Amino acid sequence: MAVKDYIRDRFFPHLWCPGCGHGIVLNGLLHAVEKLGLSKNEIVMVSGIGCSSRITGYVDFHTLHTLHGRALAFATGVKLSRPELNLIVPMGDGDALAIGGNHFIHAARRNIDITAIVMNNRTYGMTGGQYSPLSGYGTSATTAPYSNIDHDFDIARLAAAAGATFVARTTTYHIHQVAEFIRRAILHEGFSVVEIMSQCPTYFGRKNRVGSAVDMMEQYKTDTTPIGSKAKKENPALIERGVFVEKELPEYCNEYNRIIERAMKGH
Ligand SMILES: Cc1ncc(C[n+]2csc(CCOP(=O)(O)OP(=O)(O)O)c2C)c(N)n1
Ligand code: SF4
């Protein structure tokens, strides 16, 4: 199947602003799925609410557009009832880590076989540029006109600490890595997290005067470095890109089936 066969033509043109990074993530996702040769019926994509969550409307898989912050809870239900399907959950940083933060931690802890894609634009794009937990100290937002006093945190480290068995990070500038990490995350059996730094020129970009979408992507190039690089040692402020965790641990649906079998046998 070709990449375009996975798209729902009827929902185009898309609603993202010119220069939004989320379309690049969609591109990477489609290439990952095409490379894996998955049939549309083998994929269930579940999303919450946000500009990022709109991805679900544009792909011709089984799709569920649910509640803000609750996509992983819905996806957990789907996966437990149909473990043979591939569950993909695209989320914004607000969706995944503000209102949905607890679901994120516990899905990781359970190691349920779901691919979580976190599109980190450091803002609530859909609702007009309020600050999110990932905005960072000293940034400006609609709700922080005199600068944000909340600190951010590292999504990849949180995911790893909570128990995710595949954790990777890249940016929309590194489009080949976007497709490759999503492909590996889908193949991985267990909870996988791919954080993709994805620019919101309309709100984060404008409020923080960081230039155009192209400028923001240039910054993804200059502000990031491969994991463990020499550059990171010289400049600790650089953000690391790459695969942080890739390990095998018992997967939740398999474990659950094992418990059901034991219960049926009565011991
Ligand atoms: C329960 C609930 N609370 C709040 C909202 C309003 N809301 C919709 S999207 C959103 C945040 C979107 O930000 P993010 O998840 O980071 O995605 P982005 O739009 O930046 O891609 C909020 C607060 C909602 N729809 N439902
Ligand atoms: S508001 Fe930001 S995140 Fe939403 S579509 Fe526009 S650029 Fe993208």
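See the structure shown above.
Residues numbered from 1 in each chain as written. Chains lettered and ligands numbered in written order. Predicted model: local features only at pLDDT ≥ 70, side-chain atom pairs only at ≥ 80, totals over all residues. Heavy atoms only, no water.

(A) Structural detail: the site of ligand 2. By nearness alone, every residue bordering ligand 2 is listed as Trp-16, Cys-17, Cys-20, His-22, Cys-51, Asn-121, Gly-125, Cys-200, Pro-201, Thr-202 and Tyr-203. Here the shell around ligand 2 takes three residues from helix H8 (residues 201-207), the largest share from any one element. (Near = heavy atom within 4 Å. Helix = DSSP H or I, 4+ residues; strand = E, 2+ residues; numbered from the N terminus.)

(B) Representation of the environment of Val-33. Along the chain, the position of Val-33 falls in helix H1 (residues 22-36). In this structure Val-33 comes out as buried when scored by relative accessible area, which is 0%. When the C-alpha positions of Val-33 and Ile-43 are compared, they lie 9.2 Å apart, and in sequence the two are 10 residues distant. Among all residues touching Val-33, those that are not within four sequence positions of it are Tyr-6, Leu-38, Ile-43, Phe-61 and Ile-186. (Buried < 20%, exposed > 50% of the residue type's maximum accessible area, 1.4 Å probe, protein only. Contact = heavy atoms within 4.5 Å.)

(C) How the structure looks around the packing of helix H3 (residues 71-81) against helix H5 (residues 101-110). Running from N to C, H3 and H5 cross one another at 35°; their axes reach a closest spacing of 8 Å. As for the relative orientation of H3 and H5, their crossing is left-handed in sense. Contacts between H3 and H5 pair Leu-72, Ala-73 and Thr-76 from the former with His-103, Phe-104, Ala-107 and Arg-110 from the latter. The class makeup of the residues in the contact of H3 with H5 is four nonpolar, two polar and one charged. (Axes fitted to C-alpha atoms, helices over the stretch in contact; angles between N-to-C directions. Left-handed = near helix turned anticlockwise from the far one by under 90°. Nonpolar A, V, L, I, M, F, W, Y, C, P; charged D, E, K, R; others polar.)

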